[in-house]
Amino acid sequence: MNTTQRLISKTMRFTQEDRLKSWYYFLSTFVFTFLAFYGTYAIAFTPAKLLCGVLAGLLTARLFVIYHDFNHEAILRQSNVARFLMTLFGITTLAPPSIWKETHQHHHNHNSKFSRVVIGSFPTLSTETFRNSTKAQRRWYLMLRHPLMILFAYVPIFFVSFCLWPFFENPRRYYDCGIAAGLHILFAGLLYMVGGFDAVIFSLIIPCLIMFAVGGYIFYAQHNFPEVILSDDDHWDYLSAALQSSSYIKMNRVFRWLTANIGYHHVHHVNARIPFYRLPEAMKCIRELQHPRTTSLHPLEIWKCLQLKLWDAKYGRMITMQEYERTSAKLQFTLDSRE
């Protein structure tokens, strides 16, 4: 038995779910989310409506992690009722099962590999590949990794990339993506009819912006942080990708609850069938999981993560565009001097 198999074997006892607990966490979160959305429509006081909209977005983000766990078969396995409810949730949150399962499975199988395309994760290039790319390819790459792409992930990533794009490419295969986009537009129209622009803004746009921005950044920081280690395809292995290329995001109790423990991402990448509520227990009990590479939601840490753009093999770390430009200028100066 190799190192990877031994560690996965240690985690197997934590994959046993508590069925009652799984249903409790899903249904209680759903009730809280429903009440928050109801508040965005029923409450007349604007600051309270805004607060409800923010809460609705944060609670939907928690539901999204629970949906993510279900699709990994970590919770509510072989439950037809759960499958029906989760499918509805995926469609209404612009992450229908067909595209979500496909792209997220690709992400788990290719975590920390270099790529210029977006398949379930943010693209990552080495300095050498970036230097040899065309200007158009560079602009496209930097646009996909721009902080605004994360902040406004709602439209470009989820509505366009997760719904419209796959549906128009292959309507038969991704029919649920078309349903998701159509229902989203229909829901926006119905909200406008019954409550005008206020209903659209507070009951749809604000919750979606919050949910996708929070979820998008956390997903980004889980694999784009100062201590991350990346490998080319020839040197890639599953365990290194889980432990060295997936972060443990330090959070307080409130954010750990709101994000359903997704910050324990290195544990999740070792064994994706561990229920979210057992991830802290697994980390506490398994020595190999207790010294992860970390980041946090502190503003300075967020700024550091967002600045990272390229993998520099020479220094063995992700670097900023400013560092890349300084290195490129020195390289050009050296080449000019030789001439």
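Analysis parameters
Residues numbered from 1 in each chain as written. Predicted model: local features only at pLDDT ≥ 70, side-chain atom pairs only at ≥ 80, totals over all residues. Heavy atoms only, no water. Helix = DSSP H or I, 4+ residues; strand = E, 2+ residues; numbered from the N terminus. Rg over C-alpha atoms; globule rule 2.2 N^0.38 Å. Contact = heavy atoms within 4.5 Å. Areas by Shrake-Rupley, 256 points an atom, 1.4 Å probe, with all protein chains shown as cover. Lys, Arg positive; Asp, Glu negative; His and termini not counted. Charge placed at Lys NZ, Arg CZ, Asp CG, Glu CD. Bend = angle between axes of the 7 residues up to and from the residue. Buried < 20%, exposed > 50% of the residue type's maximum accessible area, 1.4 Å probe, protein only. Salt bridge = Lys/Arg side-chain N within 4 Å of Asp/Glu carboxyl O. Pairing = 2+ DSSP bridges. Axes fitted to C-alpha atoms, helices over the stretch in contact; angles between N-to-C directions. Core = buried A, V, L, I, M, F, W, Y, C linked by side-chain atoms within 4.5 Å. Parallel < 35°, antiparallel > 145°, perpendicular 65-115°, else oblique. Left-handed = near helix turned anticlockwise from the far one by under 90°. Nonpolar A, V, L, I, M, F, W, Y, C, P; charged D, E, K, R; others polar.

### Some remarks on the overall build of the chain
- In terms of helices and strands, the chain carries 16 helices and 5 strands.
- Against the 2.2 N^0.38 benchmark of 20 Å for 339 residues, the chain shows a C-alpha radius of gyration of 21 Å, consistent with a compact globule.
- Each principal axis of the C-alpha distribution contributes one length, and for the chain these read about 70 × 50 × 40 Å.
- Counted over contacts in the chain with a minimum sequence separation of 6, partners at least 24 positions apart contribute 68%.
- For the chain, the exposed area adds up to about 17,700 Å²; of that, 63% sits on carbon and sulfur atoms.
- In the chain, 34 side chains carry a positive charge and 22 a negative one; their mean positions are 5 Å apart.

### Notes on helix α9 (residues 154–169)
- Along α9, the sharpest change in direction is near 45° and occurs at V160.
- Of all the residues in α9, the buried ones are Y154, I157, F158, F159, F162, C163 and P166.

### What to know about the pattern of salt bridges
- Within the structure shown, the criterion is met by 8 salt bridges.
- Here R273 makes a salt bridge to E73, at a shortest N to O gap of 2.9 Å. Of this pair, R273 sits in the loop between α13 (265–270) and α14 (279–285) while E73 sits in the loop between α3 (46–71) and α4 (80–92); the two residues are 200 residues apart in sequence, bridging distant segments of the chain.
- Of the residues examined, R273 reaches a relative accessible area of 35% and is grouped as partly exposed.
- When its relative accessible area of 41% is taken as the criterion, E73 is described as partly exposed.

### Focus on the sheet that holds strand β1 (residues 125–126)
- Overall, mixed pairing links the 3 strands, which are arranged β1-β4-β5 in an open sheet. On the outer flanks of this sheet lie β1 and β5 (317–320), each paired with one strand and no other.
- Bridge analysis of β1 against strand β4 (residues 308–312) gives 2 bridges, and the strand direction is parallel. Pairing of L125 across the sheet is with L310, part of β4.
- Packed onto the sheet, helix α15 (residues 299–307) meets β4 and β5 and runs at close to 55° relative to β4.

### Focus on the nonpolar core
- Core analysis: the largest hydrophobic core is formed by 59 residues, its most contacted members being L94, F158, F212 and Y220.
- When contributions to this core are tallied by element, the ones reaching two or more residues are α3, α4, α5 (97–110), α8 (147–151), α9, α10 (175–221), α15 and β4.
- If sequence neighbours within four positions are ignored, F158 has contacts with F64, T93, L94, A153, C163 and F212.
- Counting 15 residues, the second largest nonpolar core, distinct from the first, contains Y264, V267, M283 and I286.

### Comments concerning the packing of helix α2 (residues 19–42) against α3
- Direction vectors running N to C along α2 and α3 enclose 155°, while the axes themselves pass 8 Å from each other. Taken together, the axes of α2 and α3 lie roughly antiparallel to each other. Every pair of crossing elements has a handedness; the one defined by α2 and α3 is left-handed. Facing α2, whose interface residues are Y25, F26, T29, F30, F32, T33, A36, F37, G39, T40 and Y41, α3 presents K49, C52, G53, L55, A56, L59, T60, R62, L63 and I66.
- Partitioning the contact of α2 with α3 into residue classes produces 13 nonpolar, 6 polar and 2 charged.

### Points about the pairing of β4
- Most of β4 is tucked away, with 5 of its 5 residues classed as buried.
- Between β4 and β5, which pair antiparallel in sequence order, lie 4 residues; one of them, G316, sits at a positive phi of approximately 65°.

### Details of the packing of α10 against α15
- One way to put it is that α10 packs onto α15 with a least axis distance of 10 Å and a crossing angle of 70°. Regarding the angle of α10 to α15, the classification is roughly perpendicular. α15 is crossed by α10, and the crossing has left-handed handedness. Side by side, α10 and α15 meet where Y217, Y220 and A221 of the first sit next to E301, I302, C305 and L306 of the second.

### Notes on the environment of D312
- You can see D312 is positioned in strand β4.
- When the C-alpha positions of D312 and P147 are compared, they lie 21 Å apart, and in sequence the two are 165 residues distant.
- With residues up to four places along the chain from it excluded, the contact list for D312 reads T127, R317 and I319.

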